[in-house]
Amino acid sequence: MQIQQAATGGPRRSEGLRPRTAALLSVIPGIGQYANRRYIKGTIFLLLAAAVGTALSAPIVNGIYGLITLGSNPEIDDSRTLLVEGIIAALLLILFASAYALNMRDAYRDAAKKQEGLRIPSVRQAFHDSWERGFPYFVIVPTFMLLTMIVIFPLLFMICLAFTNYNLYNSPPAHLLDWVAFDNFVALFTEAVWTKSLLAVLTWTVVWTLVATSLQIALAFFLALLVNDARVRFKKLIRTVFILPWAVPSFMTVLVFAAMFNDTFGSVNRDVMSLLGTSIPWLTDPTWARLAIIFVQIWLGFPYVFTLVTGVLQSISKDWYEAADVDGGSRWDKMRFITLPHVLYATAPLLIMQFSYNFNNFNIIYLFNKGGPPVPGQSSGATDILISWVYTLTFDQNNYKMAAAISIIMGLVVALFAFFQFRRTRSFREEGMY
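Note that the structure is predicted; figures quoted are calculated from it, not measured.

So, how was this worked out
Once a new chain begins, its residue numbering starts again from 1 and follows that chain's sequence as written. The predicted origin of the model limits local features to residues at a pLDDT of at least 70 and limits the giving and counting of side-chain atom pairs to 80 or more, whereas totals for whole chains, interfaces and linings rest on all residues. The side-chain numbers reported here are obtained from all heavy atoms of the structure, hydrogens and water having been left aside. Numbering of helices and strands runs from the N terminus, with a helix taken as a DSSP run of H or I at least four residues long and a strand as a DSSP run of E at least two residues long. With C-alpha atoms as the basis for the radius of gyration, the globule rule is written as 2.2 Å multiplied by the number of residues raised to the power 0.38. Only protein chains enter the calculation, and the probe is 1.4 Å; a residue is then buried if its accessible area is under 20% of its type maximum, exposed if over 50%, and partly exposed in between. Residue contacts follow a heavy-atom distance rule, with two residues in contact if any of their heavy atoms lie within 4.5 Å. Only the protein chains shown count as cover for residues, and all accessible areas are computed by the Shrake-Rupley method using a 1.4 Å probe. Counting rule applied: Lys, Arg positive; Asp, Glu negative; His and chain ends not counted. Charge positions come from single atoms, namely NZ of Lys, CZ of Arg, CG of Asp or CD of Glu. Inter-axis angles, ranging from 0 to 180 degrees, are taken between N-to-C directions of lines fitted to C-alpha atoms, where helices are fitted over the stretch in contact. Roughly parallel means an angle under 35 degrees; roughly antiparallel, over 145; roughly perpendicular, 65 to 115; everything else is oblique. Each crossing gets its handedness from the near helix: less than a right angle anticlockwise from the far helix is left-handed, clockwise is right-handed. Residues are grouped as follows: Ala, Val, Leu, Ile, Met, Phe, Trp, Tyr, Cys and Pro are nonpolar; Asp, Glu, Lys and Arg are charged; all remaining types, including Gly, are polar. What is meant by a nonpolar core is a set of buried Ala, Val, Leu, Ile, Met, Phe, Trp, Tyr and Cys residues, joined one to another through side-chain atoms within 4.5 Å. Two aromatic rings from Phe, Tyr or Trp, using only the six-membered ring of Trp, form a pair when their centres are within 6.5 Å; if the ring planes differ by under 30 degrees the pair is stacked, by over 60 it is edge-to-face, and anything between is tilted. Think of it as a cone above the ring: NZ of Lys or CZ of Arg counts as a charge over the ring if it is within 6 Å of the ring centre and within 35 degrees of the ring normal. To estimate how far a helix should reach, multiply one less than its number of residues by 1.5 Å. Throughout, bend refers to the angle between the axes fitted to the seven residues that end at a position and the seven residues that start at it.

### Topic: the overall build of the chain
And then number 1: What the chain contains, in helices and strands, is 18 helices and zero strands.
And then number 2: The C-alpha atoms of the chain give 32 Å as radius of gyration, which overshoots the globular expectation for 434 residues (22 Å, by more than 25%).
And then number 3: If you line up the chain on its principal axes, its C-alpha atoms span 100 × 75 × 35 Å.
And then number 4: When each of the 434 residues of the chain is scored for burial, the buried share is 35%.
And then number 5: Considering only residue pairs separated by 6 or more positions, the chain has 65% of its internal contacts joining residues 24 or more positions apart.
And then number 6: A total of about 26700 Å² of accessible surface is found on the chain, and carbon and sulfur atoms cover 69% of it.
And then number 7: The centroid of the 33 positive side-chain charges in the chain is displaced by 11 Å from the centroid of its 26 negative side-chain charges.

### Describing the packing of helix H8 (residues 192-228) against helix H9 (residues 235-247)
Two quantities define a packed helix pair, namely the angle between the axes and the distance from one axis to the other.
And then number 1: Where H8 contacts H9, the axes come no closer than 10 Å and their chain directions differ by 165°. Relative to H9, the element H8 is oriented roughly antiparallel. The way H8 lies across H9 gives a crossing that is right-handed. Two secondary-structure elements touch here, H8 through Leu-223, Val-227 and Asn-228 and H9 through Lys-235, Ile-238, Arg-239 and Phe-242.
And then number 2: Partitioned by chemical class, the residues of the contact of H8 with H9 number four nonpolar, one polar and two charged.

### Structural notes on the side chain of Asn-399
And then number 1: Following the sequence through the fold, Asn-399 ends up in the loop between helix H16 (386-396) and helix H17 (400-424).
And then number 2: Discounting residues that sit within four places of it in the chain, Asn-399 has contacts with Tyr-166, Asn-167, Trp-194 and Leu-393.

### Topic: the nonpolar core
Side chains that are nonpolar tend, in soluble globular proteins, to be buried together.
And then number 1: Ranked by internal contacts, the top residues of the largest apolar core, which has 29 residues, are Ala-162, Leu-386, Trp-389 and Ile-406.
And then number 2: Sorting the residues of this core by element identifies helix H5 (79-116), helix H6 (123-161), helix H7 (183-190), H8, H16 and H17 as the ones contributing at least two each.
And then number 3: Residues in contact with Trp-389, not counting those within four places in the same chain, are Trp-194, Ser-197, Leu-198, Val-201, Ser-379, Ser-380, Asp-384 and Ile-406.
And then number 4: Counting 22 residues, the second-largest nonpolar core is a separate cluster that includes Trp-208, Ala-258, Leu-283 and Val-296.

### Here's the deal with H16
And then number 1: Those residues of H16 lying buried are Leu-386, Ser-388, Trp-389, Val-390, Thr-392, Leu-393 and Thr-394.
And then number 2: Where H16 ends, the next residue or the one after it, Asn-398, has phi of about 55°, a positive value.

### So, the environment of Cys-160
And then number 1: For Cys-160, the location among the structural elements is in helix H6.
And then number 2: Classification of Cys-160 by relative accessible area gives buried; the value is 16%.
And then number 3: Residues Cys-160 and Ser-380, spaced 220 residues apart in sequence, show a C-alpha to C-alpha distance of 23 Å.
And then number 4: Beyond its immediate sequence surroundings of up to four residues, Cys-160 is in contact with Leu-83, Ile-87 and Trp-179.

### Comments concerning the packing of aromatic side chains
And then number 1: For the coordinates displayed, the defined rule picks out 21 aromatic pairs.
And then number 2: Between Phe-182 and Phe-185, the ring centres sit 6.1 Å apart and the planes meet at 55°, which makes this aromatic pair tilted.
And then number 3: Given the relative accessible area of 54%, Phe-182 is considered exposed.
And then number 4: Geometrically, the ring pair formed by Phe-261 and Trp-282 is edge-to-face, given 4.9 Å between the ring centres and 70° between the ring planes. With Phe-261 in the loop between helix H10 (250-260) and helix H11 (267-272) and Trp-282 in the loop between H11 and helix H12 (286-315), this pair connects stretches of sequence that are 21 residues apart. The pair formed by Phe-261 and Trp-282 is uniform in burial state, with each residue classed as buried.
And then number 5: Here the aromatic cluster, defined as three or more aromatic residues joined through ring pairs, consists of Phe-257, Phe-261, Trp-282, Trp-288, Phe-295, Trp-299 and Phe-368.
And then number 6: Here Arg-290 stacks its cationic end above the ring of Trp-204, 5.3 Å away from the centre of that ring.

### Observations concerning the packing of H12 against helix H14 (residues 331-359)
And then number 1: Where H12 meets H14, the axes come as close as 10 Å, and the angle between the chain directions of the two elements is 150°. Classified by the angle their axes make, H12 and H14 are roughly antiparallel. As for the relative orientation of H12 and H14, their crossing is right-handed in sense. Seen from H12, the contacting residues are Gln-297, Tyr-304, Val-305, Leu-308, Val-309, Val-312 and Leu-313; seen from H14, they are Thr-339, His-342, Val-343, Ala-346, Thr-347, Leu-350, Leu-351, Gln-354 and Asn-358.
And then number 2: Looking at the contact of H12 with H14 residue by residue, the class counts come to ten nonpolar, six polar and no charged.

### Comments concerning H14
And then number 1: When the terminal C-alpha atoms of H14 are compared, their 35 Å separation across 29 residues is substantially less than the 42 Å that a helix rising 1.5 Å per residue should span.
And then number 2: The sharpest bend along H14 measures roughly 60° and falls at Thr-347, with the proline Pro-349 sitting one to four residues further on.
And then number 3: Looking at H14, one finds that the buried residues are Lys-334, Ile-338, Thr-339, Val-343, Thr-347, Leu-351, Gln-354, Asn-358 and Phe-359.

### Overview of unusual backbone geometry
And then number 1: The amide bond that connects Pro-172 to the next residue, Pro-173, takes the cis arrangement and shows omega of 5°.
And then number 2: Tracing the backbone through its elements, the reader meets Pro-173 in the loop between H6 and H7.
And then number 3: The linkage connecting Gly-372 with the following residue, Pro-373, adopts the cis geometry, with an omega of 5°.
And then number 4: Secondary-structure assignment places Pro-373 in the loop between helix H15 (362-369) and H16.
And then number 5: A positive phi angle is found at Phe-234, which is not glycine, with a value near 55°.
And then number 6: Along the chain, the position of Phe-234 falls in the loop between H8 and H9.
And then number 7: Positive phi outside glycine occurs at Lys-370, with the angle close to 55°.
And then number 8: Of note, Lys-370 is situated in the loop between H15 and H16.

Quick look at the structure:
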């Protein structure tokens, strides 16, 4: 075999250290590299392992222990601090375990190359090759580390809280937290107050998202068609007026509407409904409050969709409509086969984003009526959606454990929906083609 490889110019197999043996020697980082005669790399690995082991082994062990126990002395230990330190220790442990596995894999690969008779690059050449091949990863790593601390760490902290008994009556540092497994999730579906609240909020969130978003899209589409009609004059002035609500900061608009819909001094009841001899409890009746908040969202949301649809309508060639006239097409036929397909094709992704935006539209719900009015027998208000309910549980009721459990359920639903939609997109199906 060796003679044949030598004759063909290929690599020669050599009897050296077995790859599995080299990997086993790397149980002590660097020893496997020494066995492969990679002395500089082995020294670097050995020194790094010694430094990390000396400086961080005790904090990691203490952090993992604190994460498991959440403290033993209420006067000294703070379970929240132990939770934070434990999560950081767990992340560091995963990082070092990955580096440890890479150390063993490196020794295995070098031994395999030597056994195959392949040349092993020098340390300098290896660093150069790593830089050339792994440059995108080196650029991504700082951003990934930053996202880990800003996004992943708070998520892990929230997930941990969902499995503790952290609420107003068991708040550190006066008390220690305990792990309660899935008790909070079980309570959501078995205790009447939580089950009723969850079903009511979830139902209203879906209704709110579908109705408010669909109406704002329908109104914007209808107005864009009217303004784009050839018989309408002063188009620029009308479009400018329709876009004006978009120019005003949304939180100011919501606060103004909240004052206008006030039951006692609001201009809607005082100046409009009084002419009909009636007064409507806009903020204190659940049904009227929901209708009012949907109206406000339509006011806030339609200018953006109006702008999108107007742009698409102006890009449709007039020749197509003239051809439809020659073929005897009616207004409905032109709408069905020319206007509607073009508008939906160009704006569908942005319209779908309107639904996802309103699903978590916290500002309008909280600023208009803070999720109210309150509903007897529920921990949520009549206009609370999931995100505003979680906010109320966290900052008003200090019920962190239930807020975290609901956030996990909400996150799973949104993630599954987003993943399903993402898999259906063309960019996902054609990944790797370019």
